[in-house]
Amino acid sequence: GSASRPPIPERGRRAAGKALRSALLTGTGRLLDLLFSRLGWHRAQRLGGRFGRLAWRLSRRDRRRALEHIELAFPELAVGEREALARRSFVHLGMLLGECLQLRHAAADALARHVTLEGWEHIEAARAQRRPIIIVTGHCGNWELLAATMNARGLGMLVVAREIYEPGLQTMLLDLRARFGTRTIVRGTPGAARALLGALRGAGALGMLIDQDTKVEGVFVDFFGRPAWTPVGAAELALRFDAAVLPTFIARRADGSHQAVIHPELSLPPDPTAATARMTAAIEAQIRSHPEQWVWLHRRWRRRPEVQP
């Protein structure tokens, strides 16, 4: 009889599936990049918004998560209001994608046409004192556009970010940031800690997003009335280096332009958990003011504090 082919081990099948998925995602990313490179700002936003509407219809799991999280944060909203808010948040994420792909081909001077920036005097005050600066923000509005705008203005901010598991997409994102002078410190990579500490010792600026439950050292602090696991690194670094912590946010306006605001320096308590809570309160206030411009599909309350016996 003919020799039968040995079965592929389960691990090999998983690896092959992962490689195929990675190739498909990277290929799709490059195709979209080519498409959006030919569009102007507003057309990129409109097409991105259509992708967001499509994702709302097709992505059952993310849709369900977003609705669950909005119910936790805004229990007072009626079912229809929660659904409308969740749908708008998907449209926002689609627009954000369109803007970022368009930005990959934009000149630095184009940013000023799309973004107004307020509060630069708080940067200058910290620089006058030769203190390091920590820009604390969240996944509010178009946070990539925020970093690009501040560095195009001359801040020289490094951003701390986790690695995206698709290498092709990671490269595209790092290239976008580098285009506007933003260097990325990828958490957990060799030299990351040294680069981070070097920036603070040299009175430089760091940008840190602290509004997600990720695999980093953290503490439970209040977020929309319930405990949420929150990165504590920003607070620990701020206290250790006497950094000026400036909550900074960006929001999209109805006409497609954006408004970025650098808020006054936070007065931090000496305890890292209490300091993290204060930073998180600033992020929550921003989300409450523009709830459709946050990432509701992220599992923000995934971890729960262990109940002490």
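Relevant structure appears above.
Calculation criteria
- Residues numbered from 1 in each chain as written.
- Predicted model: local features only at pLDDT ≥ 70, side-chain atom pairs only at ≥ 80, totals over all residues.
- Heavy atoms only, no water.
- Axes fitted to C-alpha atoms, helices over the stretch in contact; angles between N-to-C directions.
- Helix = DSSP H or I, 4+ residues; strand = E, 2+ residues; numbered from the N terminus.
- Parallel < 35°, antiparallel > 145°, perpendicular 65-115°, else oblique.
- Left-handed = near helix turned anticlockwise from the far one by under 90°.
- Contact = heavy atoms within 4.5 Å.
- Nonpolar A, V, L, I, M, F, W, Y, C, P; charged D, E, K, R; others polar.
- 1 Å grid on protein atoms, 1.4 Å probe; cavity = no way out; pocket = protein on both sides within 12 Å on 5 of 7 lines; lining within 4 Å.
- Points joined across faces, edges and corners; volume = space filled by probe spheres on them.

Asker: Whenever I open this one, the packing of helix α9 (residues 192–201) against helix α10 (residues 233–241) confuses me. Can you help?
Answerer: Describing two packed helices takes the angle between their axes plus the distance from one axis to the other. Where α9 meets α10, the closest approach of the two axes is 11 Å, and the angle between their N-to-C directions is 40°. As the angle between them shows, α9 and α10 are arranged oblique. Seen along the crossing, α9 lies across α10 with a hand that is right-handed. Contacts from L196, L197, L200 and R201 of α9 reach α10 at L237, R240 and F241. For the contact of α9 with α10, a count of residues per class yields five nonpolar, no polar and two charged.

Asker: Teacher, can you tell me more about the layout of surface pockets here?
Answerer: Think of a ball as big as a water molecule: rolled over the atoms, this probe shows where empty space is left. Considered as a void within the structure, the second largest pocket measures approximately 320 Å³ in volume. Around the second largest pocket sit 17 residues that line it, and V91, M95, R252, R253 and A254 are the ones nearest its centre. Secondary-structure elements contributing two or more residues to the lining of the second largest pocket are α2 (41–58) and α4 (79–103). Taken together, the residues that form the lining of the second largest pocket break down as three nonpolar, six polar and eight charged.

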